[in-house]
Amino acid sequence: MKIHATWLGHLVATAAALCFSANVAAADLGATDEPIRLAMLEWTGQHVTTRIGGEILRKMGYKVEYVTTGNFPQFSSLADGSIHASLEIWMNNVGDIFPKVLAERKIEDIGNLGLRTKEGWIFPNYMKDVCPGLPDWNALKNPKCVQALLMPDTAPNGRLVDYPADWGSRSAAIIKNAQLPLKPIPAASEDALVAELRSAVAAKKPLLMMFWGPHWVLAEFDVNWVVMPPCDKIRNSLSNNAECIIPPQIDKVTWSGFEKKWPAAYKLLEKFKMDATEQQEMMWRIDRKHEKLDTVVKEWVEKNEMRWKRWIKAAQ
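Rules of the game
- Residues numbered from 1 in each chain as written.
- Predicted model: local features only at pLDDT ≥ 70, side-chain atom pairs only at ≥ 80, totals over all residues.
- Heavy atoms only, no water.
- Helix = DSSP H or I, 4+ residues; strand = E, 2+ residues; numbered from the N terminus.
- Core = buried A, V, L, I, M, F, W, Y, C linked by side-chain atoms within 4.5 Å.
- Buried < 20%, exposed > 50% of the residue type's maximum accessible area, 1.4 Å probe, protein only.
- Polar contact = N/O pair within 3.5 Å; in protein donor to acceptor, adjacent residues only side chain to side chain.
- Contact = heavy atoms within 4.5 Å.
- Pairing = 2+ DSSP bridges.
- Right-handed = clockwise from strand over helix to strand, strands pointing away.
- Axes fitted to C-alpha atoms, helices over the stretch in contact; angles between N-to-C directions.
- Parallel < 35°, antiparallel > 145°, perpendicular 65-115°, else oblique.
- Left-handed = near helix turned anticlockwise from the far one by under 90°.
- Phe/Tyr/Trp six-rings, centres within 6.5 Å; stacked < 30°, edge-to-face > 60°.
- pLDDT = per-residue confidence, 0-100.
- Disulfide = S-S within 2.5 Å.
- Arc of directions from axis to C-beta.

L134 connects to P135 through a cis peptide bond whose omega is 20°. Note that P135 resides in the loop between β5 (118-124) and α5 (143-149). Going from G213 to P214, the amide bond is cis rather than trans, its omega being 10°. By the secondary structure assignment, P214 is in the loop between β8 (209-213) and α8 (217-220). Backbone geometry places K204, a non-glycine residue, at a positive phi of 55°.

Our focus in this paragraph is the nonpolar core. Core analysis: the largest hydrophobic core is formed by 80 residues, its most contacted members being L57 and W121. The next biggest cluster of nonpolar side chains, apart from the first, holds 12 residues, and it includes A39, I83, I89 and V94.

Here the focus is the side chain of H84. Residue placement: H84 occurs in the loop between α3 (74-80) and β3 (85-90). From its side chain, H84 meets the backbone oxygen of G81 in a polar contact 3.2 Å long. Residues contacting H84, with those up to four places away along its chain left out, are P35, I36, R37, L78, V253, T254, W255, F258 and W262.

This next bit is on the environment of A276. With respect to the helices, strands and loops of the structure, A276 is situated in helix α11 (residues 276-287). Accessibility expressed as a relative area gives 13% for A276, which makes it buried. Separated by 158 residues in the primary sequence, A276 and K118 place their C-alpha atoms 9.8 Å from one another. If sequence neighbours within four positions are ignored, A276 has contacts with L115, R116 and P214.

Two faces make up the sheet, and in a regular strand the side chains alternate between them. Strand direction decides the pairing type here: strand β6 (residues 158-162) and strand β7 (residues 182-186), joined by five bridges, are parallel. Bridging across to β7, D162 finds its partner in P186. The β-α-β motif built from β6, the intervening helix α6 (residues 171-177) and the parallel element β7 has right-handed crossover chirality.

Below, the discussion takes up the packing of helix α2 (residues 44-60) against helix α12 (residues 293-303). Here α2 crosses α12 at 55°, and the two axes come no closer than 10 Å. Between α2 and α12, the angle falls in the class oblique. Of the two elements, α2 crosses α12, and the hand of that crossing is right-handed. Residues H47, V48, R51, I52, E55, I56 and K59 of α2 form the contact with α12, whose own contacting residues are L293, D294, V297, W300 and V301.

Applying the stated criterion to the full structure yields seven aromatic pairs. Ring centres 5.1 Å apart and planes at 65° place the aromatic pair F75 and F98 in the edge-to-face group. Taken together, the residues span a long stretch of sequence, with F75 in helix α3 and F98 in helix α4 (residues 97-103) at a distance of 23 residues. Within the aromatic cluster, the residues linked to one another by ring pairs are W255, F258, W262 and Y266.

With that settled, consider the pairing of β5. Counting buried residues in β5 gives six out of seven residues, a clear majority hidden from the surface. Pairing between β5 and β8: five bridges, direction antiparallel. Pairing of K118 across the sheet is with G213, part of β8. Inspection of the sheet shows β5 paired to strand β9 (residues 223-225) by three bridges, in the antiparallel sense. Residue I122 lies in a different strand from β9, and its bridge partner there is W225.

Let's shift gears to the confidence of the model for the protein chain. In the predicted model, the protein chain carries a mean pLDDT of 87, and the fraction of residues at 70 or more is 87%. Contacts from residues 1-27, a stretch scored under 50 in pLDDT, to residues over four places away or in other chains number zero contacts. A low-confidence stretch, residues 235-240 (pLDDT under 50), is modelled with seven contacts involving residues beyond four sequence positions or located in other chains.

Summarising the element assignment, I56 is placed in helix α2. Under the relative-accessibility criterion, I56 is labelled buried at 0%. Among residues more than four places away in sequence, those in contact with I56 are L268, F272, W300, W308, W311 and I312.

With that out of the way, let us pick up the state of the cysteines. Defined simply, a disulfide is a covalent bond joining two cysteines at their sulfur atoms. Summed over the entire model, instances satisfying the criterion amount to one disulfide. With a sulfur-sulfur separation of 1.9 Å, C131 is cross-linked through a disulfide to C145. Between C131 and C145, the S-S torsion sits near 80°, and that sign places the bridge as right-handed. In this pair, C131 sits in the loop between β5 and α5 while C145 sits in helix α5, placing the two residues 14 residues apart along the sequence.

All right, on to helix α13 (residues 305-315) then. Taken residue by residue, α13 has W308, W311, I312 and A315 as its buried positions. Seen from one end, α13 has its buried residues packed into an arc of 95°, which puts them on one side. More than 90 degrees from the buried face of α13, the exposed residues found are M306, R310 and K313. Packed against the buried residues of α13 are α2, α10 (263-271) and α12.

Now the structure itself:
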């Protein structure tokens, strides 16, 4: 009977421990009766990222609401808790409010989204025929390449189609410091940049253009990126690398009270990652094939169940 009592005691203790563990896991979800409000910004890629993150949170048992806001105004809303998280923050364009409320600990940067970004000069791959040596930047010094890119308003230099003037651009500084025979000509808008690329590809005309990624254009056209010299190797490089092209970092940001209110959701969002190639394809389907955002996101969630279940398991 003593042995039986000991065994019974172990059984009761184990059951109690399991019950306690279950209660802890349930408590770790936090306030599941209150919705987590996610920021929805101005561009399709951010919509894809946010909706995928939101759907995974719903799979965990949370309520989710999507709040339309602007890129700069979102930081005031995150600081006062009227928005709880923003899942795709381009750190090269956060304005003045972000650093202030971050320093005041009203918001929290919870890490990189894993979205591999690019920024720089792109060219259609057929350009290698007229600019031997591409993608190396030195190929742009070749007189044959310069002649191919030359336009009446850029002579005797080749044309670089640049960002719209009100965006700001480092192309002129890059050209000067790398001593390249190019002249930057600002495009009128993002649509104008896309139109330039579409027109050039259709006619197989030479084109060199400032661009960024992820962007659906990169999923549709066969382009490559000029490989520029390292920033610290550029002649007369400035201490702030103003003439460099550095891929922007993409982070995730939460309201400062997020972790305490929704602990498991906080851990999930820390682990949540977005793949640039996948995002570009989804952007292309939404913007070019006019598929619904809900449809594209649902397909991703179904296709990547093993991936997001690992995140949930680790979060709980």
